[in-house]
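If you want the building blocks of each chain, they are given just below.
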Amino acid sequence: MGQFLAKILADLKIIQNSHTTNNPTLEAIATANSEEDKVKTTQQTQREAEERLRKGVQPVVLPTTEEVAVAKAKVQYQDNLFRFAVAGVAGSGKSSLVNAIRGLRNSDTGATPTGVVETTVTVGRYRDSNRRLPFVWYDIPGAGTLNQPGWQYFNNQGLFVFDCIIVLVGDRFTQTDLAILENCRRFQIPTYIVRSKADFHIPNLMNDTGYDSDDDDDESQYETMYNAARERYISDTQATVQQNLGDAKLPVQKVYLVSNKVLLSAVKKRMLPKAALDEMELLKDLLEEACARRCVATEDKAEA
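Report on the accompanying structure. This is a predicted model, so every value here is computed, not measured. In every chain, residue numbers begin from 1 and rise along the written sequence. Residues qualify for local features only when their pLDDT is at least 70, as the model is predicted, and side-chain atom pairs are given and counted only at 80 or more; totals for whole chains, interfaces and linings, by contrast, use all residues. For side-chain calculations, the full set of non-hydrogen atoms in the structure is used, while hydrogens and water are omitted.

Re the pattern of salt bridges
In step 1: By definition, a salt bridge exists where a carboxyl oxygen of Asp or Glu is found within 4 Å of a side-chain nitrogen of Lys or Arg. Counted by the stated rule, this structure contains 8 salt bridges.
In step 2: In this structure, R83 and D163 form a salt bridge, with 3.5 Å as the shortest nitrogen-oxygen distance. With R83 in strand 2 (residues 82-88) and D163 in the loop between helix 6 (150-156) and strand 5 (164-168), this pair connects stretches of sequence that are 80 residues apart. Comparing R83 with D163, the two get one shared label, buried.
In step 3: A salt bridge links R293 to D163; the nearest nitrogen and oxygen atoms lie 3.5 Å apart. Here R293 is found in helix 11 (residues 279-294), whereas its partner D163 is found in the loop between helix 6 and strand 5, with 130 residues between them in sequence. In this pair, the class of R293 matches that of D163, namely buried. Under the scheme used here, helices are H or I runs from DSSP no shorter than 4 residues and strands are E runs no shorter than 2 residues, and both carry numbers assigned from the N terminus. Type-normalised accessible area, obtained with a 1.4 Å probe on protein chains alone, sets the label of each residue: buried when under 20%, exposed when over 50%, and partly exposed for intermediate values.

As structure tokens, this is what we get:
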């Protein structure tokens, strides 16, 4: 954990002393929508789309200039901010995850609304609690089934404006999860697959194997059963995620297992309890992504 913390602190220092460059995805879309590219598109689009469909490959449909403008307005886009989106089905814990990453409890002032039923009906926009960081976190409304092709959902939701998307998954991938992962890959937007509520799932696995807290007077027995449930949770989740990716013909990708309580402790106190899983690694990787994708040191920008 020590090496993760050291890297996190180093990245935070870099980000706080950097300027944010333009979003590379939006720059690529703008280039493709230029007059020069439109000539090529007019001549080749139909032939290329037909060829892709024959091969069973979904087309990459670029949003128009007007669609980009609408999506930017929807998320209150600012060029100098790095946008993280958290997407997933209703009840997967998106709002609580956003709060934990921002260093807030669900009951704190300024926290994302949470509840037993889905509380996110529109895109929620939240500045990072550390205002020295150019980060904005977005809570994307949950959805389970799609009534439209995946690429169309992706474009209609304006997900191409985000710099990074965290896909919060459950026991299996939904059509929405796959639509986001597939289209982020096409648009070269980094994605992170996360499963939260580890502090809920692991005790459930313990109960499934016969653990009864009312009869537990043996601390060593509890620890043995907890460790076994923990390892099962890790292996089962990783196997399920990789199978889902394989079924969708997507490349292997890491899944981060987290508890929002542990994540909050990591953000606020820079400390992790024994129950920690991938919380610190997730924070490290998100910060590294921000540095690599959009951050330029102040002196480098001055030279440019």
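What about the pairing of strand 6 (residues 191-195)?
In step 1: Most of strand 6 is tucked away: 5 of the 5 residues are buried.
In step 2: With burial as the criterion, each face of strand 6 is covered, one bearing T191, I193 and R195 and the other bearing Y192 and V194.
In step 3: One ladder, built from 4 bridges, connects strand 5 with strand 6; its direction is parallel. Pairing of L168 across the sheet is with V194, part of strand 6.
In step 4: DSSP bridges decide pairing: two strands pair if at least two such bridges lie between them. Direction of pairing for strand 6 relative to strand 7 (residues 255-257): parallel, over a ladder of 3 bridges. Paired with R195 across the two strands is L257, which belongs to strand 7.

Details of the packing of aromatic side chains
In step 1: Under the pairing criterion, centres of Phe, Tyr and Trp rings, with the six-membered ring standing for Trp, must be within 6.5 Å; the plane angle then separates stacked pairs below 30 degrees from edge-to-face pairs above 60, leaving the rest tilted. Counted according to the given criterion, the structure contains 9 aromatic pairs.
In step 2: Aromatic pair Y192 and Y256: ring centres 5.9 Å apart, planes at 50°, arrangement tilted. Taken together, the residues Y192 in strand 6 and Y256 in strand 7 connect sequence positions 64 residues apart. As far as the burial class goes, Y192 and Y256 line up, both buried.
In step 3: In textbook terms, an aromatic cluster arises when at least three aromatic residues are bridged by ring pairs, as seen for F82, F84, F135 and W137.
In step 4: Counted as over-ring charges are cases with an Arg CZ or a Lys NZ within 6 Å of the ring centre that also lie within 35 degrees of the ring normal. The ring of Y77 carries K72 above its face, with NZ or CZ at 4.7 Å from the centroid.
In step 5: Directly above the aromatic system of Y256 lies the positively charged group of K254, at a separation of 5.1 Å from the ring centroid.

What about the side chain of S265?
In step 1: When you line up the elements, S265 lands in helix 10 (residues 260-269).
In step 2: Contacts are assigned to residue pairs that have any heavy atoms within 4.5 Å of one another. S265 has contacts with R270 and M271, leaving out every residue within four places of it along the chain.

Points about the environment of I180
In step 1: Checked against the element boundaries, I180 lands in helix 7 (residues 175-187).
In step 2: Each C-alpha atom, one on I180 and one on G88, is 9.6 Å from the other, the two residues being 92 residues apart in sequence.
In step 3: Each residue touching I180, except ones within four places of it in the same chain, is listed here: A87, Y153, F154, L159, I165 and V167.

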